[in-house]
Amino acid sequence: MNDEDAAPSADGSSIPPAPAPAVQIQPFPAVPAQRSAPDAPVEQPGAVVQAEQPVPGAMPVPGTQPVPGVPYPYPTLWPDPALLHRPRRRWGLVVALVAGGLTLVCGAVGGLAVVVVPPVLEQLAEAGADTPGTAPSPRPGDPVSVRQAWVKERIDKALAVQNKALIAGDEQGYLSMVDPTATSALDGLRIQFRSLRAMKVASWTDRGYQPSPTGDEWTVRLNSTPCFVVASCSESRTPSVMRWRIDGEQAVMVGWEPGDKNGGPPWQTDELVALAGARTVVATTPVYERQLPLLLREAEKAAKVADKYAVGSPPVRYPVYYADSREWERWFGGKLPDWAGGYAYAVTNDRYELVLNGDYLLQGGMGDMMRHELTHASSLAGSTGGYGAWWLVEGLAEEAAMNGAKPAAYPSLDEVRTFAKTWKGDLSVVAPGRTTAQGAVAGSYGVAYLAVHRLIARFGFAKAMAFFKSVLHQSREAALAAPAVLGLSWTVVQRDLVDYVRRTSR
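What counts as what
- Residues numbered from 1 in each chain as written.
- Predicted model: local features only at pLDDT ≥ 70, side-chain atom pairs only at ≥ 80, totals over all residues.
- Heavy atoms only, no water.
- Phe/Tyr/Trp six-rings, centres within 6.5 Å; stacked < 30°, edge-to-face > 60°.
- Helix = DSSP H or I, 4+ residues; strand = E, 2+ residues; numbered from the N terminus.
- Buried < 20%, exposed > 50% of the residue type's maximum accessible area, 1.4 Å probe, protein only.
- Lys NZ or Arg CZ within 6 Å of the ring centre and 35° of its normal.
- Expected span 1.5 Å × (residues − 1).

(A) Structural view of the packing of aromatic side chains. A complete count under the given rule lists 15 aromatic pairs for this structure. Centroid distance Tyr309 to Phe461: 5.5 Å. Interplanar angle 75 degrees. Geometry classified as edge-to-face. You can see Tyr309 sitting in the loop between α5 (292-306) and β10 (318-323) and its partner Phe461 sitting in helix α11 (residues 461-473), a full 152 residues away along the chain. Given the relative accessible area of 3%, Tyr309 is considered buried. Using a relative accessible area of 2% as the deciding quantity, one classes Phe461 as buried. Seen in terms of ring centroids, Phe332 and Tyr345 are 4.4 Å apart; in terms of plane orientation they differ by 15 degrees. Their pairing is stacked. Pair noted here: Phe332 is in the loop between α6 (325-328) and β11 (340-348) and Tyr345 is in strand β11, with a separation of 13 residues, a long-range link. Among the aromatic residues, those joined into a ring-pair cluster are Tyr321, Trp328, Trp331, Phe332, Tyr343 and Tyr345. A cation over a ring is seen here: Lys152 above Tyr209, with NZ or CZ 4.6 Å from the ring centre.

(B) View of unusual backbone geometry. Phi at Val229 is positive, roughly 75 degrees, even though this residue is not glycine. For Val229, the location among the structural elements is in the loop between β5 (217-228) and β6 (238-247). According to the relative accessible area criterion, Val229 is partly exposed, its value standing at 31%. With a phi close to 60 degrees, Lys335 is a non-glycine residue in the positive phi region. On the secondary structure map, Lys335 appears in the loop between α6 and β11.

(C) Examining α11 more closely. Spanning 13 residues, α11 covers 17 Å between terminal C-alpha atoms, matching the ideal 18 Å at 1.5 Å per step. α11 sits mainly inside the fold: 10 of its 13 residues count as buried. Here α11 has its buried residues at Phe461, Ala464, Met465, Phe467, Phe468, Lys469, Ser470, Val471, Leu472 and His473. Ser475 sits one or two residues past α11 and shows a positive phi near 55 degrees.

As structure tokens, this is what we get:
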């Protein structure tokens, strides 16, 4: 039966076929291992749905309301490519949508030479130290708030020097406000500087803070945002913790460390090499430096596909990190299921950064994974999550990964068939768990893909994206979104999607 064939509804009637599907599915060879359609992605007719003002919140975890810091994984190659002449995805490349804050595990910085930096005074003068301050000088008996404001003013000047040096590529200036004896801070900031420069940092902004007195020092927890290649981007609010000492009128940094102990962005803890393209920035450790041209080429092609699934404007740049086994265990907190081969991490509601597992990724499946993950970053930016919407999130990403190929070419139809034998036909409960068997993981992602593919074919791309927006960006239950957007009850729509999944996987 074709995508456009009518299926029986819950009340025994049939859903009339749409005049023409909004997505023109192009013929594509059924090659399970690599489902890349032609380099020019399928055009999606109709206007892209514009996002409304985002509502604060985090991404959903499988089958629940969104919870920060929990992964949303996407599998590696299935079965083991070494056992096949023509490998299939294991079942594919797991994209974990990870919602939550950034942290980091300190990287190895031993052996870095300590550079004695020039006096801070000259650098502060260049940053505007000659401009009269607005905070009054504290006097004996003044409340802590008075001294706090005065200290903050001096730290702000030191941070202005550091930010200016970062954008200028001046490593010595970047470290100039650090006490030369604070070797740990010097080593950590040197790594951060070099990684950010490799990723073509174009701007750096700090979010408000208040210094807290700790003996003779002042502790500052700062949230910062780097923008790569272009100077304007969505916030990332990457935390760091600093300790400062006030020498006369100058603030001197005596301690620095990443602000989240669970694991944070790679550039905060590891020295990276990187390449930037028109839409993406790809970065990895020196171990994988030779992979960068391939990674960039695949990321740039994938971005053209992912941009079409944006709810609102696509990201200005997609950051993509390629991890070896050690970094995979700790970047952004790690702790992914064993079947995960990659994930998209929500550093904030509006910004996603992507991590690929270098231990599992093969060139044959790289385009699939890139399209899937970048589509998460484009479609979910600004979302608030939706209860039971895992199938919609992952199905849309899998639709993008297929890039116009027919459902018959989907590499896990056998797994979908097996999964469907015990599945009760409820889309809200198809999400796999951390310990789910790999075959069942493949089946659940396949169910999500086929359901979303049917949704687009039946109602058109524009209406399907409006439904996605209503559920994921406006937090409406499917039972409310379906009548308003699709013109049918969710019971009828879900019955049709489930029927399509079952008959396609037979």
